[in-house]
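Summary of structural features
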Amino acid sequence: MQISFTLNGRPTTVEVEPATLVAELLREQLNLTGTHIGCDTSQCGACVVHLNGLPVKSCTLLAPALDGATLLTIEGLQGAPGSNRLHPMQEAFRENHGLQCGFCTPGMVMTAVALAKDKPSLTEAEVRHGLEGNICRCTGYQNIVLSVMSGVAAMHAAAKGE
Ligand code: FES
Ligand code: FES
């Protein structure tokens, strides 16, 4: 079947088998390999992307659900348009050493960006709770939590033009 959706700001039409998972579609058909697959039980969150602005585990979503939707992946995150800069959350992960192997990072960052939409600042407990669906094997989470708190603050400062 054919599906059409907006992928990282661009109109996209692809031919897919109806049973294709969005994570597979991204990685194998569209060559957007930032979205990772770390499990087969919907636990790890390495595959998180935004569907119509909400974080979803793309290993748990079938491609036909994309028809008419808007999808954002880690490759579509960016800083101020035209600036060639990192998104504030990406910058915060770099600054706070919120990654090691980097495998969980795309999903962590996408989840973190979604968390920032709800509140201008988050407590450590709120960040830890918000990241419950994302597993990391390397960092022990502490620097990820610091990254997210800092990234949320930076996103809101940027939105206010500070
Ligand atoms: S690959 Fe999607 S939750 Fe693990
Ligand atoms: S940085 Fe390696 S799994 Fe998180």
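Above this text sits the structure in question.
Everything numeric in this text was worked out from a predicted model, so none of it was measured.

Section: the pattern of salt bridges
Enumeration according to the criterion identifies four salt bridges in this entry. The salt bridge involving Arg94 is made with Glu91; its shortest N-O contact spans 2.7 Å. With a gap of three residues between them, Arg94 and Glu91 both fall in helix 2 (residues 88-95), about one helical turn apart. Looking at Arg94, the relative accessible area reads 49%, which means it is partly exposed. Judged by its relative accessible area of 24%, Glu91 falls in the partly exposed class. A salt bridge links Lys119 to Glu126, with the shortest nitrogen-to-oxygen separation between them at 2.4 Å. Judged by its relative accessible area of 34%, Lys119 falls in the partly exposed class. What emerges from the salt-bridge pattern is a single network uniting Glu91, Arg94 and Glu95.

Re the environment of Ala69
Within the secondary structure layout, Ala69 lies in the loop between strand 4 (54-57) and strand 5 (70-72). With sequence-adjacent residues up to four places away left out, Ala69 is seen in contact with Ser4, Phe5, Thr6, Leu51 and Asn52.

Considering the packing of helix 2 against helix 3 (residues 105-118)
Running from amino to carboxyl end, helix 2 crosses helix 3 at an angle of 125°, the nearest separation of the two axes being 10 Å. Between helix 2 and helix 3, the crossing angle belongs to the class labelled oblique. Relative to helix 3, helix 2 is oriented so that their crossing is right-handed. Every residue of helix 3 that contacts helix 2 at Met89, Gln90 and Phe93 is listed here: Thr105, Met108, Val109, Ala112 and Val113. The residue makeup of the contact of helix 2 with helix 3, split by class, is six nonpolar, two polar and no charged.

What about helix 3?
In this model, helix 3 (14 residues) spans 21 Å end to end at C-alpha, consistent with the 20 Å of a helix rising 1.5 Å per residue. For helix 3, the tally of buried residues reaches twelve of 14 residues, placing the bulk of the element in the interior. Among all positions of helix 3, only Thr105, Pro106, Gly107, Met108, Val109, Met110, Thr111, Ala112, Val113, Ala114, Leu115 and Ala116 are buried. The secondary structure elements touched by the buried residues of helix 3 are strand 3 (48-51), strand 4, strand 5, helix 2, helix 4 (124-130) and helix 5 (142-159).

Some thoughts on the packing of helix 2 against helix 5
Remark: helix 2 packs on helix 5, axes separated minimally by 8 Å, with the N-to-C direction vectors making an angle of 145°. Considering how the two elements wind past one another, helix 2 and helix 5 form a crossing that is right-handed. Listed contacts from helix 5 to Pro88, Met89, Ala92 and Phe93 of helix 2 are Ile144, Ser147, Val148, Ser150, Gly151, Val152, Ala154, Met155 and Ala158. Split by residue class, the contact of helix 2 with helix 5 holds ten nonpolar, three polar and no charged.

So, the layout of surface pockets
What the largest pocket holds in volume is close to 190 Å³. If you go around the largest pocket, the residues you meet are Gly38, Cys39, Gln43, Cys44, Ala46, Cys101, Phe103, Cys104, Ile135, Cys136, Arg137 and Cys138. Taken together, the residues that form the lining of the largest pocket break down as nine nonpolar, two polar and one charged. Considered as a void within the structure, the second largest pocket measures approximately 170 Å³ in volume. In this structure, the second largest pocket is lined by Gly79, Ala80, Ser83, Arg85, Leu86, His87, Pro88, Glu91, Ala154 and Ala158. Going through the elements one at a time, helix 2 and helix 5 are the ones with two or more residues in the lining of the second largest pocket. Looking at the lining of the second largest pocket residue by residue, the classes come out as five nonpolar, three polar and two charged.

The rules behind each value
- Residues numbered from 1 in each chain as written.
- Chains lettered and ligands numbered in written order.
- Predicted model: local features only at pLDDT ≥ 70, side-chain atom pairs only at ≥ 80, totals over all residues.
- Heavy atoms only, no water.
- Salt bridge = Lys/Arg side-chain N within 4 Å of Asp/Glu carboxyl O.
- Helix = DSSP H or I, 4+ residues; strand = E, 2+ residues; numbered from the N terminus.
- Buried < 20%, exposed > 50% of the residue type's maximum accessible area, 1.4 Å probe, protein only.
- Contact = heavy atoms within 4.5 Å.
- Axes fitted to C-alpha atoms, helices over the stretch in contact; angles between N-to-C directions.
- Parallel < 35°, antiparallel > 145°, perpendicular 65-115°, else oblique.
- Left-handed = near helix turned anticlockwise from the far one by under 90°.
- Nonpolar A, V, L, I, M, F, W, Y, C, P; charged D, E, K, R; others polar.
- Expected span 1.5 Å × (residues − 1).
- 1 Å grid on protein atoms, 1.4 Å probe; cavity = no way out; pocket = protein on both sides within 12 Å on 5 of 7 lines; lining within 4 Å.
- Points joined across faces, edges and corners; volume = space filled by probe spheres on them.

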